[in-house]
Amino acid sequence: MEKLSKATILVVDDKPANILVLENLLAAKDRTFVNATNGKDALKVTLNKDIDLIILDVQMPDMDGFEVAQILKSNKRTKDIPIIFASAEKKEHKFMMKGYEEGAIDYLFKPLNPEIAKAKVAVFLKLQNAYKVLAESENKFKLITETINDVFYLYNIVEKKYEYISPNCNMLLGLDQQTIYELNTMKSAVYEPDLPLANAATAKIEQGIPYDIEFRVIVNGEIKWIAEKSSPIYDEKGNLVRNSGICRDVSSLKKANEQIGQLNIDLQSNIVQIEKKNEALNYLNLEKDRFMGMVSHDLKNHISAMLLTIRLMEKNTESSDESQSKYINRLRRSVVSMQRLLGDYLTVNRIQQGIVNPDYSIVDLAKQIGDMVEGYNDIATNKNLTLKFLNDCKDAFLETDPSYLGIIADNLISNAIKYSPIGGEIDILVSKSADKFCFEVKDQGAGLSASDIPKLYGRFQKLTPKPTAGEPSNGLGLSIVKDLVDALDATIECRSTEGKGTSFIVSF
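In this numbering scheme, every chain counts its residues from 1 along its sequence in written order. Whole-chain, interface and lining totals are the exception, using all residues; otherwise, since this is a predicted model, local features are given only for residues with pLDDT of at least 70 and side-chain atom pairs are given and counted only at 80 or more. Only heavy atoms go into the side-chain values, all of them from the structure, while hydrogens and water stay out.

Focus: the overall build of the protein
What counts is decided by this rule: Elements are defined by DSSP. Helices are runs of H or I of four residues or more, strands are runs of E of two residues or more, and each kind is numbered from the N terminus. Two residues qualify as a contact provided that any one of their heavy atoms is within 4.5 Å of a heavy atom in the partner residue. Areas reported here follow the Shrake-Rupley algorithm with a probe of radius 1.4 Å; residue values treat only the protein chains shown as occluding.
In terms of regular secondary structure, the protein is built from 14 helices and 17 strands. For the protein, long-range pairs separated by at least 24 residues make up 60% of all intrachain contacts whose partners lie at least 6 apart in sequence. In the structure as shown, the protein presents an accessible area of about 29,300 Å², 53% of it carried by carbon and sulfur atoms.

Some remarks on the sheet that holds strand S8 (residues 211–219)
Applicable threshold: Paired strands, as defined in this entry, are two strands with at least two bridges between them according to DSSP. Lines fitted to the C-alpha atoms define the axes, with helices restricted to the stretch that makes contact. Angles between their N-to-C directions range from 0 to 180 degrees.
Read across the sheet, five strands follow the order S7-S6-S10-S9-S8 without closing on themselves; strand pairing throughout is antiparallel. This sheet does not close on itself; its edge strands, each paired only once, are strand S7 (161–165) and S8. Taken over all neighbouring pairs, the strand axes of this sheet differ in orientation by 30 degrees on average, direction set aside. Inspection of the sheet shows strand S6 (residues 151–156) paired to strand S10 (residues 240–249) by six bridges, in the antiparallel sense. For tyrosine 155, the partnering residue across the bridge sits in S10 and is asparagine 243. Packing against the sheet, helix H8 (residues 195–206) makes contact with S8 and S10, and its axis sits at approximately 135 degrees to S8.

Some details on the environment of isoleucine 54
Let me state the cut-off plainly: Exposed residues in this analysis have more than 50% of their type's maximum accessible area, buried residues have under 20%, and partly exposed residues fall in between, with area computed by a 1.4 Å probe over protein chains only.
As for its placement among the helices and strands, isoleucine 54 is situated in strand S3 (residues 53–57). Of the residues examined, isoleucine 54 reaches a relative accessible area of 1% and is grouped as buried. Residues isoleucine 54 and phenylalanine 85, 31 residues apart in the sequence, show an inter-C-alpha distance of 8.3 Å. Sequence-distant contacts of isoleucine 54, defined by excluding residues within four places in its chain, comprise Leu10, Val12, Thr46, Leu72, Ile81, Pro82, Ile83 and Ile84.

Section: helix H3 (residues 65–74)
Counted only if it meets this: The directions considered for the arc run from the helix axis to the C-beta atoms. Polar contact criterion, stated in full: a pair of N or O atoms within 3.5 Å, where within protein one must be able to donate a hydrogen and the other to accept it, and residues adjacent in sequence count only if both atoms are side-chain atoms.
Every buried residue of H3 is listed here: Gly65, Phe66, Val68, Ala69 and Leu72. For H3, the buried positions fall inside an angular range of 160 degrees around the axis, keeping them on one side. Its side-chain oxygen placed 3.1 Å from the backbone nitrogen of phenylalanine 66, aspartate 64 serves as the N-cap of H3.

Section: the packing of aromatic side chains
For clarity, the cut-off: Within 6.5 Å between ring centres, the rings of Phe, Tyr and Trp (the latter by its six-membered ring) count as paired, and their orientation is classed by plane angle as stacked under 30 degrees, edge-to-face over 60, tilted in between. In our convention, an over-ring charge means Lys NZ or Arg CZ found within 6 Å of a ring centre and within 35 degrees of that ring's normal.
What the rule picks out here adds up to three aromatic pairs. Aromatic pair tyrosine 155 and tyrosine 162: ring centres 4.9 Å apart, planes at 70 degrees, arrangement edge-to-face. By relative accessible area, tyrosine 155 is classed as buried at 11%. Between lysine 254 and the ring centre of tryptophan 225, over which it is positioned, the NZ or CZ distance is 4.3 Å.

Topic: the packing of helix H2 (residues 39–48) against H3
The following threshold applies: By definition in this entry, angles of less than 35 degrees are roughly parallel, angles greater than 145 are roughly antiparallel, angles of 65 to 115 are roughly perpendicular, and the rest are oblique. Helix crossings fall into two classes, left-handed where the near helix is turned counterclockwise from the far one by less than a right angle and right-handed where it is turned clockwise. Lys, Arg, Asp and Glu make up the charged group, whereas Ala, Val, Leu, Ile, Met, Phe, Trp, Tyr, Cys and Pro make up the nonpolar group; the residues left over, Gly among them, are polar.
Close contact between H2 and H3 brings their axes to 10 Å; oriented N to C, the two are set at 25 degrees. As judged from the angle between their axes, H2 and H3 are roughly parallel. Regarding H2 and H3, the two cross each other, and that crossing is right-handed. Contacts from Gly39, Leu43 and Thr46 in H2 reach Val68, Ile71 and Leu72 in H3. Its residues assigned to classes, the contact of H2 with H3 comprises four nonpolar, two polar and no charged.

What to know about the pairing of S8
Because side chains alternate across S8, one face comprises the buried residues Tyr211, Ile213, Phe215, Val217 and Val219, and the other comprises Asp212, Glu214, Arg216 and Ile218, none of which is buried. Hairpin connection from S8 to strand S9 (residues 222–234): two residues lie between these consecutive antiparallel strands, with asparagine 220 at a positive phi of about 55 degrees.

So, the nonpolar core
As a reminder of what qualifies: As used here, the term nonpolar core means buried Ala, Val, Leu, Ile, Met, Phe, Trp, Tyr and Cys residues forming a set that is joined through side-chain atoms within 4.5 Å.
The biggest cluster of nonpolar side chains holds 44 residues, and the ones touching the most others in it are Leu365, Ile408, Leu412 and Phe439. Sorting the residues of this core by element identifies helix H11 (365–375), helix H13 (402–419), strand S14 (425–433), strand S15 (436–442), helix H14 (477–487) and strand S17 (501–507) as the ones contributing at least two each. Setting aside its immediate chain neighbours within four residues, phenylalanine 439 contacts Leu365, Ile369, Leu405, Ile408, Ala409, Leu412, Leu429, Val430, Phe504, Ile505, Val506 and Phe508. Within the second largest apolar cluster, 24 residues are counted, among which are Val151, Cys169, Leu175 and Tyr211.

As for the sheet that holds strand S12 (residues 386–391)
Strands in a sheet are paired, the pairing made by backbone hydrogen bonds, and the direction either parallel or antiparallel. Across the sheet, five strands lie side by side as S12-S14-S15-S17-S16; this open sheet has mixed pairing. The open sheet has two edge strands, S12 and strand S16 (491–497), and neither has a second partner. With strand direction ignored, the average angle separating the axes of adjacent strands in the sheet is 15 degrees. Relative to S17, S15 runs antiparallel, the two being bridged by five bridges.

Focus: the pattern of salt bridges
Note the threshold: A pair is scored as a salt bridge if a Lys or Arg side-chain nitrogen falls within 4 Å of a carboxyl oxygen belonging to Asp or Glu.
Enumeration according to the criterion identifies 14 salt bridges in this entry. Between glutamate 206 and lysine 160 there is a salt bridge; the shortest N-O distance is 2.9 Å. With a gap of 46 residues between them, glutamate 206 in helix H8 and lysine 160 in the loop between S6 and S7 connect regions that are remote in the sequence. Here glutamate 206 falls in the partly exposed class, since its relative accessible area comes to 40%. A salt bridge links glutamate 425 to lysine 388; its shortest N-O distance comes to 3.8 Å. Linking glutamate 425 in strand S14 with lysine 388 in strand S12, this pair joins segments that are 37 residues apart in sequence. For lysine 388, a relative accessible area of 35% corresponds to the partly exposed category.

Written out as structure tokens, the structure is:
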């Protein structure tokens, strides 16, 4: 138990000799004495000093001890000071009862029994000291609960009522103390969807089960998150008598946790995106390495063929015009192949870097396709192929990128030539369907198998059909076509029957 300062005893008696006897009898190092010889002086002393115990003579002139006690008990400051009446004459029962009614806690009868007097004073001072310690603890407790933002409460389970709730409940819960005391519940503050949780917690109180819950309240139109912890309190016999609890505003923490959760989600999403981009970059790097190897190999072959042709021409300086023409055509084919290979590489490189920005202008689709068909006549003738150009449109003007259109048409026509049987026919048709312009390249080649269709527009894909005259193929043509068709917001459709040929239709 906390030890307080010296106890102050007020001795009131109209006879100074009696006062001196009591002070000498009760003297101790942890006590100090004040005295008064009449009731009025006694009242003045108690109002000006902190008194722990009063020994009050009953029989005094002007104002007897009963009157003094009555006044002291009616005053808020002095009502809790213990009073021991000292009486020499009035031992009758009715007078003792009157003393108790006026607030006395005991009597000392004259002549005093020293041992009894000492024992009684010691007991009452000890009780008063305990009372003061308790009062001081309660004051500290109230000070703490009234200055923190949390709400502390003490609920009497037996009497079904709140014994204490800290005053800042209005700020936290939107309910003042008086309302909670009258309703004996805080549930009216709970956000309705969370009431089942609050009801379940109440059931736990009755069973002496501690709980820790979070629920929402609405205060001034704002939703707050409240964390409540509650614990049972048992008496010395083990009976459940109370529960104590504390409510805390955790809205900021809740919001912070939500933000952290969202940040974690965003972080995971970013990690996934980065991993996907890394996979794509790794794939592109592998693809580029593969393509560089292919380009190097093909260029080496073409350059070797060109060097061989040049050497043959140097050795056969007197060869006929027909031989010279043969050598020149061989050189031309190698140069054309190298040019196409480099063109494909540069196009793929731009696509991989995202540099696909169409430069739109008005294009005469029929004229541009027709000119390209005418440019392929010599190559088709060398393979004994017939190119047929059909134009079903009177005016085939559209807004597109002529360069990209040329690359698309070039790849489709050259592919048709490459995979068509010698002596076959290739149809190139410009038409209009509904509000779209189309051009179609149709060959009579081997057609595509079912396994070819899913990988039709992939890079470096080797499909079932083989070039009919041993022409080189880098597996890039159709992938470039698809990328550029998408860049122009156009569409491409493939129709193929195995053994009967293939048709590609581009619509703008």
